[in-house]
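A structural walkthrough
Here is what each chain is made of, one letter per residue.
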Amino acid sequence: MLHEMLFRLAREFVYERGKPFANSEFGDFARRDIAIEAKKRLIFLPYELKVKASVGAGNWAAVPWLGFFDPLITESATQGFYVVYLINPQTEEIYLSLNQGATAVYREFGERRGREVLKRRATDMTDRLPEFTSVFSSDPIDLGSQEALPSGYMAGHALGRRYVANGFDRSLFYSDLESMLSAYELLVDRGGTTPLDVMHHESGSRDVEETRRYVLSRRIERSSAVRKGVLEKRRPQCEACGLFPELHYSYSGPLKHTPLDVHHAKAISGLAEGESRRYRIPDDFLVLCPTCHRMIHKQENESDLDQLKSRISFKHLAGPT
């Protein structure tokens, strides 16, 4: 069971950290076995998340963790925001936390100022999830280390709960995970850590719900995993004007860099908050050139390819023979 594995990790980590990192059976247990067990907890939940457990990269970490990542936001603990179990090896406590990647913030702002940025963003995250402030605590967490990354995790903590081996409710442990993942996906829907004025500017709307739907749709389009999946399954040609980079520009580079956009054709108005299945690849997408992509976003119905085609009054020059 996941809770048993995590408490073993908490209980034995200090001792195991005294052994060589390379080829550690305990390290393999954490990275492989715990991650597999965590993935099993997601089978019957409506979330498509990446799962990773870590005890360090090349050397033992100060704080081991198990993270759940929405690919629309991040697939790494170094950036974005995510759900994570963080362990204090000194006290053998486990924290379930809605947290943020400190590494990217440190790189931009430096460690001291970066921690302040993480704290401010954590407050913003909490404010966007008023339904969960009575479920989880926003009190500071203690990871027993003042190293850079643990300090970043402590600063980036928005909401969560602390568990101790001899005083926790097993059923609450698992219901907490489901509730926290629900909060996570709701935060994605509501714009994450992006300020509302920035979202309004990007969407061109002052309506909060319309703005959130627009930003979510654009986030889906820009996801590297979505782009790769759509371009692999559809012809790399604009489905509106017919622009074919290989023919019209002699483009011969990697598919992922082809000068075409992936458009989330599902109507923005149809994106309900909290919708568990946001997209199907490639069914919910169109491949468009940047110009046609801009134009379809100006239509009332952003999924109407025929309307867009009817407005096109030019033809591309013949390409090389």
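Residues numbered from 1 in each chain as written. Predicted model: local features only at pLDDT ≥ 70, side-chain atom pairs only at ≥ 80, totals over all residues. Heavy atoms only, no water.

Moving on to the overall build of the protein. When helices and strands are tallied, the protein shows 12 helices and 7 strands. The principal-axis extents of the C-alpha atoms in the protein amount to approximately 70 × 45 × 40 Å. Taking all 321 residues of the protein together, the buried fraction comes to 49%. Taking as baseline every contact in the protein between residues at least 6 positions apart, the subset at least 24 positions apart corresponds to 63%. As displayed, the protein offers around 16300 Å² of accessible surface, 48% of which is attributable to carbon and sulfur atoms. Between the centroid of the 44 positive side chains of the protein and the centroid of its 44 negative side chains there is a distance of 4 Å. (Helix = DSSP H or I, 4+ residues; strand = E, 2+ residues; numbered from the N terminus. Buried < 20%, exposed > 50% of the residue type's maximum accessible area, 1.4 Å probe, protein only. Contact = heavy atoms within 4.5 Å. Areas by Shrake-Rupley, 256 points an atom, 1.4 Å probe, with all protein chains shown as cover. Lys, Arg positive; Asp, Glu negative; His and termini not counted. Charge placed at Lys NZ, Arg CZ, Asp CG, Glu CD.)

For the rest of this paragraph, the subject is the pairing of strand E4 (residues 93–100). Counting buried residues in E4 gives 8 out of 8 residues, a clear majority hidden from the surface. Residues Glu 93, Tyr 95, Ser 97 and Asn 99 line one face of E4 and the alternating positions Ile 94, Leu 96, Leu 98 and Gln 100 line the opposite face, and both faces are buried. With 8 bridges joining them, strand E3 (residues 81–88) and E4 adopt antiparallel strand pairing. When the sheet's bridge partners are listed, Tyr 85 is paired in E4 with Leu 96. Counting the residues in the hairpin turn of E3 and E4 gives 4 residues, including Glu 92, whose phi is positive at 60°. (Pairing = 2+ DSSP bridges.)

All right, on to the packing of helix H4 (residues 111–127) against helix H5 (residues 148–156) then. For the pair H4 and H5, interaxial distance at closest approach is 7 Å and the crossing angle is 25°. The angle between the axes of H4 and H5 places the two elements in the roughly parallel class. Along the contact surface, H4 presents Glu 111, Arg 115, Leu 118, Lys 119 and Ala 122, while H5 presents Ala 148, Ser 151, Gly 152, Ala 155 and Gly 156. Its residues placed into classes, the contact of H4 with H5 shows 4 nonpolar, 3 polar and 3 charged. (Axes fitted to C-alpha atoms, helices over the stretch in contact; angles between N-to-C directions. Parallel < 35°, antiparallel > 145°, perpendicular 65-115°, else oblique. Nonpolar A, V, L, I, M, F, W, Y, C, P; charged D, E, K, R; others polar.)

Looking at the secondary structure, you find Ser 151 in helix H5. Not counting residues up to four positions away in its chain, the partners in contact with Ser 151 are Tyr 106, Arg 115, Ser 145 and Gln 146.

Relative to the assigned elements, Glu 16 resides in helix H1 (residues 2–16). Residue classification places Glu 16 among the buried residues on the basis of a relative accessible area of 12%. Not counting residues within four places of it along the chain, the set of residues in contact with Glu 16 comprises Phe 26 and Trp 60.

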